[in-house]
Amino acid sequence: MTQAVAPAPVPAAIPLRELAPWALFAGVILLALLYLVGMDQGATSIVSGQMLHDFVHDGRHLLGFPCH
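Residues numbered from 1 in each chain as written. Predicted model: local features only at pLDDT ≥ 70, side-chain atom pairs only at ≥ 80, totals over all residues. Heavy atoms only, no water.

A.B. asks: It is not clear to me how the confidence of the model for the protein should be interpreted in this structure. Could you clarify?
C.D. replies: Predicted coordinates in areas of low pLDDT are best not read in detail. Scored by pLDDT, the protein comes out at a mean of 81, with 84% of its residues at no less than 70. Within the protein, no element has a lower average pLDDT than helix α2 (residues 51-55), which sits at 74, and none a higher one than helix α1 (residues 16-39), at 89. (pLDDT = per-residue confidence, 0-100. Helix = DSSP H or I, 4+ residues; strand = E, 2+ residues; numbered from the N terminus.)

A.B. asks: What should I look at first to understand the packing of aromatic side chains in this one?
C.D. replies: Think of a pair of aromatic rings as described by two things: how far the centres are apart, and how the planes are tilted against each other in angle. According to the stated counting rule, one finds one aromatic pair in the structure shown. Considering the side-chain rings of W22 and F25, the 6.4 Å spacing of their centres and the 90 degrees angle between planes classify their relative orientation as edge-to-face. Placement of the pair is W22 and F25 together in helix α1, with a separation of three residues, close to one helical turn. (Phe/Tyr/Trp six-rings, centres within 6.5 Å; stacked < 30°, edge-to-face > 60°.)

A.B. asks: I tried to follow α1 on my own but got confused; where do I start?
C.D. replies: Each α-helix winds once per 3.6 residues, and so residues spaced three or four apart point in a common direction. Across its 24 residues, α1 extends 32 Å between first and last C-alpha, which sits within 8% of the 34 Å expected from 1.5 Å per residue. Three or more residues of α1 are buried, namely Y35, V37 and G38. In the core, the buried residues of α1 are packed alongside α3 (57-62). (Expected span 1.5 Å × (residues − 1). Buried < 20%, exposed > 50% of the residue type's maximum accessible area, 1.4 Å probe, protein only. Contact = heavy atoms within 4.5 Å.)

Quick look at the structure:
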């Protein structure tokens, strides 16, 4: 008795034109997070006070950013 083998499914191709806006959106979000974790202190601070610094303090050290 022989069994029929089903053909392997072929993944659908995603056109670059549909992928580019999502890649741009992800890049902007990642750059904003990098700024907030690593560089938001001192003269370039967007948020005044120490609340943001205290919130991301451990993550800052984990990523290798000096903060004090």
